Amino acid sequence: MTVTIYHNPRCSKSRQTLALLEEKGINPTIREYLKDVPSAQEINDILDMLGMEPRDLMRKKEAEYKENNLDEPSLSRGELIQAMVNYPKLIERPIVIKGGRAAIGRPPETVLEIL
């Protein structure tokens, strides 16, 4: 079964999670989401797998979050998901997906629960 990691090579947690997968003998499909931005549907599916709402998956300290007033309570789920498509830097990382389940590698060991 395929394991996919939404990865940012500049992020230490993302690198640690990838190394942990490789230590376990898993050779995941690496999706550098800043270059290969997920679609709104993909983000929606990931949120469903995680059991989260969009803001739960957003990096609220990024400038793009404040600059685009993404803390505005009236924004819909679709609008928040579209913001992550427009500004993929906002997506929390790393995300590991396997067999319809997902986990965020913070800490990296969290992803072991879905493998």
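Below, the structure is looked at part by part.

Parameters at a glance
- Residues numbered from 1 in each chain as written.
- Predicted model: local features only at pLDDT ≥ 70, side-chain atom pairs only at ≥ 80, totals over all residues.
- Heavy atoms only, no water.
- Helix = DSSP H or I, 4+ residues; strand = E, 2+ residues; numbered from the N terminus.
- Rg over C-alpha atoms; globule rule 2.2 N^0.38 Å.
- Buried < 20%, exposed > 50% of the residue type's maximum accessible area, 1.4 Å probe, protein only.
- Contact = heavy atoms within 4.5 Å.
- Pairing = 2+ DSSP bridges.
- Axes fitted to C-alpha atoms, helices over the stretch in contact; angles between N-to-C directions.

1. Here's the deal with the overall build of the chain
Helix and strand content of the chain: four helices and four strands. For the chain, the sequential pattern of α-helices and β-strands runs β-α-β-α-α-α-β-β. Against the 2.2 N^0.38 benchmark of 13 Å for 115 residues, the chain shows a C-alpha radius of gyration of 14 Å, consistent with a compact globule. Seen through its principal axes, the chain has C-alpha atoms that stretch 45 × 25 × 25 Å. Counting every position in the chain, which comprises 115 residues, the buried fraction comes to 43%. Considering only contacts within the chain whose residues lie at least 6 apart along the sequence, 61% involve residues at least 24 apart.

2. Some points on unusual backbone geometry
Put simply, Arg93 and Pro94 share a cis peptide bond, and its omega is -15°. By the secondary structure assignment, Pro94 is in the loop between helix 4 (77–86) and strand 3 (95–98). Residues Arg106 and Pro107 are joined by a peptide bond in cis, for which omega reads 0°. With respect to the secondary-structure elements, Pro107 resides in the segment after strand 4 (101–104). Positive phi, normally seen in glycine, also occurs at Asn69, with a value near 50°. Mapped onto the elements, Asn69 comes out in the loop between helix 3 (63–67) and helix 4.

3. Some words on the environment of Tyr87
Of note, Tyr87 is situated in the loop between helix 4 and strand 3. With relative accessibility at 31%, the residue Tyr87 sits in the partly exposed group. When neighbours within four sequence positions are excluded, Tyr87 is seen to be in contact with Glu64 and Asn68.

4. Regarding the sheet that holds strand 2 (residues 29–32)
In sheet architecture, strand pairing relies on hydrogen bonds along the backbone and comes in two forms, parallel and antiparallel. If you walk across this open sheet you meet the four strands as 2-1-3-4, and the pairing is mixed. Of all the strands in the sheet, the pair left with one neighbour each is strand 2 and strand 4. Within the sheet, the average angular offset between the axes of one strand and its neighbour, ignoring direction, is 20°. As paired elements, strand 3 and strand 4 share four bridges and run antiparallel to each other. Looking at strand 4, one finds that Ile97 is bridged to Ala102. Its contacts with the sheet put helix 1 (residues 12–23) on strand 1 (3–7), strand 2 and strand 3, and the angle it makes with strand 1 is roughly 160°.

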